[in-house]
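Descriptive analysis of the structure
So the chains spell out like this:
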Amino acid sequence: MIRDAPSLFVWSLSEQRLSSFDAFLEHYATTVVFYGSGKAALRDGLAGLVEPGQNVLIPAYLPDAVAEPFHDLGLEARYYAIQENLAPDLADIERRIDDETAAVMSVNYFGFPQPGLEEFVSLVDEYDCYHIDDNAHGPFSVDNGTLLGTRGSLGVTSLWKLLPIPNGAVLYCNDDDVVDRLEPSSFAGVSDRVTVSDCHFVLKSVLVDLLSANPTVRRSVTDLVTGRGRAPSIPNPADRYEADKVPMSKLSSHVVEDVNPSAIRDSRRSNYRAWRRIFDAVDDVEPLFESLPRGICPQVFPVRTPTPQRLLAELERCGVTGGHTWPRLSSTVTEDPAYEVSTNLAREVVVLPVHQHIDPSSIDAVGDRLRW
Ligand SMILES: Cc1ncc(COP(=O)(O)O)c(C=O)c1O
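Residues numbered from 1 in each chain as written. Predicted model: local features only at pLDDT ≥ 70, side-chain atom pairs only at ≥ 80, totals over all residues. Heavy atoms only, no water.

Now for the overall build of the protein. On a plain count of helices and strands, the protein comes out with 16 helices and 13 strands. Its C-alpha radius of gyration of 20 Å places the protein within 12% of the 21 Å reference for a compact globule of 372 residues. Overall, the C-alpha framework of the protein stretches about 55 × 45 × 40 Å when taken along its three principal axes. Out of the 372 residues in the protein, the part that is buried amounts to 53%. Relative to all contacts within the protein whose residues are 6 or more apart in sequence, the contacts with residues 24 or more apart total 74%. By element, 49% of the accessible surface of the protein is carried by carbon and sulfur atoms, the whole surface being about 16800 Å². For the protein, the distance from the average site of its 33 positive side-chain charges to the average site of its 54 negative ones is 10 Å. (Helix = DSSP H or I, 4+ residues; strand = E, 2+ residues; numbered from the N terminus. Rg over C-alpha atoms; globule rule 2.2 N^0.38 Å. Buried < 20%, exposed > 50% of the residue type's maximum accessible area, 1.4 Å probe, protein only. Contact = heavy atoms within 4.5 Å. Areas by Shrake-Rupley, 256 points an atom, 1.4 Å probe, with all protein chains shown as cover. Lys, Arg positive; Asp, Glu negative; His and termini not counted. Charge placed at Lys NZ, Arg CZ, Asp CG, Glu CD.)

Right, dumping it as structure tokens:
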């Protein structure tokens, strides 16, 4: 079986702890602040730079809750269209940008560098706006010697998306103006004590490890917890944002201290290549990226298919849990034909796990079983 996330316990038992995350950050970034979530980091990074009533341009292909930190600061979150290759639609940005635009955000989707970045940066500079480098998906991706997330005036990355931790994100302040005007809130930094959520996370990790050994038990417990057959209810974006306005947990910081980014990057890249070998030979399922550039640490293996539900069902039959379409868009996007490209992508892009606790041979085995 291929699980959707790495295990806290596989981590603690086998990680060789060759280099520290602090050293990695020191090498690539100047000023960093830890948070519980990328959204909390975005809020604090911008707080000293903007006035209520201004607007921020963000790509339409984005999870709904990512607009919330901007709303929290009294800003309008104004979506711009993107192209099929995930590059920003510069003409659309120019149509929407105005004197009240404080910042424009780019996204390194799935840990890959934002396509079309050079032209995007020229445009943002021309209009004298801050550039937010959203690198939620790629904490360990280095592109031509630069850590993704450190290219804009400010950037964020979400450690919890790659590591077996309850929460954790980083704010990168990449220019002096941003550092000088930084206003860290009560949820900046690392919690000084182990909390109930840390304990829940550990218990849940134990349970998931036990259950993954027995798929039948796992299914019945999952059914029980989620209300058998009914989709679990998901809080609205504003509530999810409020819940994520916390410091990085003590458990997270303990695990993160000893993380070895290059070992994680190597194993994620091997798993990415294993999926690639399978889907290169499959019709109607196209890998989203043509190549895996050096230094890139993929968050997932994203593919595009006109039949996403069929693909997910077939993968589940082969023991792959946690594949899903990405992301849940805001209704502002889905209801506006100007964002048709993003809406189609969100319907057709399926992401598959490549995390560091998968052995590439188990992905090869999925290839042997897949009926497509
Ligand atoms: C592109 C992107 N940016 C920002 C975020 C927010 O990160 P976090 O969930 O750590 O707040 C997400 C979360 O899914 C994301 O996908």
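Right, let's talk about the sheet that holds strand 10 (residues 286–287) for a bit. Ordered in space as 10-11-13-12, the 4 strands form an open sheet in which the pairing is antiparallel. Looking along the sheet, the strands with just one partner apiece sit at the ends: strand 10 and strand 12 (324–325). Two elements, strand 12 and strand 13 (residues 349–353), share 2 bridges in a ladder whose sense is antiparallel. Paired with H324 across the bridge in strand 13 is V351. Against the sheet, helix 15 (residues 340–348) makes contact with strand 11 (300–304), strand 12 and strand 13, and its axis sits at roughly 40° relative to strand 13, the strand it touches most. (Pairing = 2+ DSSP bridges. Axes fitted to C-alpha atoms, helices over the stretch in contact; angles between N-to-C directions.)

Ranked by internal contacts, the top residues of the largest apolar core, which has 86 residues, are L46, Y61, F70, F110, W275 and F279. Setting aside residues up to four positions removed in sequence, W275 forms contacts with I2, F301, L315, V320, L352, P353, V354, I363 and V366. Listed in part, the 22 residues of the second largest apolar core include L163, V170, L251 and V256. (Core = buried A, V, L, I, M, F, W, Y, C linked by side-chain atoms within 4.5 Å.)

What the 7 strands build is an open sheet, ordered 1-9-8-5-4-2-3; its pairing is mixed. Each edge of the sheet is formed by a strand with only one pairing partner; in this case those strands are strand 1 (31–35) and strand 3 (76–80). When strand polarity is set aside, the average angle formed by the axes of neighbouring strands in this sheet is 20°.

Across the 5 residues of strand 3, 4 count as buried, placing the element largely inside the fold. As defined by bridge partners, strand 2 (residues 55–59) adjoins strand 3 across 5 bridges and the pair is classed as parallel. In the strand pairing of strand 3, L57 is matched with R78.

Moving on to the site of the ligand. If you check the shell around the ligand, you find 14 residues, and the closest are G38, D134, H137, S158 and K161. In this structure, a nitrogen atom belonging to the ligand sits 2.5 Å away from a side-chain N or O atom of D134. Here an oxygen atom of the ligand and a side-chain polar atom of H137 are 2.8 Å apart. Within the complex, 93% of the 380 Å² of free accessible area of the ligand lies under protein. Looking at the shell around the ligand residue by residue, the class counts come to 7 nonpolar, 4 polar and 3 charged. (Near = heavy atom within 4 Å. Polar contact = N/O pair within 3.5 Å; in protein donor to acceptor, adjacent residues only side chain to side chain. Nonpolar A, V, L, I, M, F, W, Y, C, P; charged D, E, K, R; others polar.)

Our focus in this paragraph is unusual backbone geometry. The omega torsion of the bond from W326 to P327 falls at -10°, within 30 degrees of zero and hence cis. Tracing the chain through its elements places P327 in the loop between strand 12 and helix 14 (331–334). Even without being a glycine, L86 presents a positive backbone phi close to 75°. Tracing the backbone through its elements, the reader meets L86 in the loop between strand 3 and helix 5 (90–96). Unusually for a residue other than glycine, N144 sits at a positive phi of about 50°. Turning to its location among the elements, N144 is positioned in the loop between strand 6 (142–143) and strand 7 (146–147).

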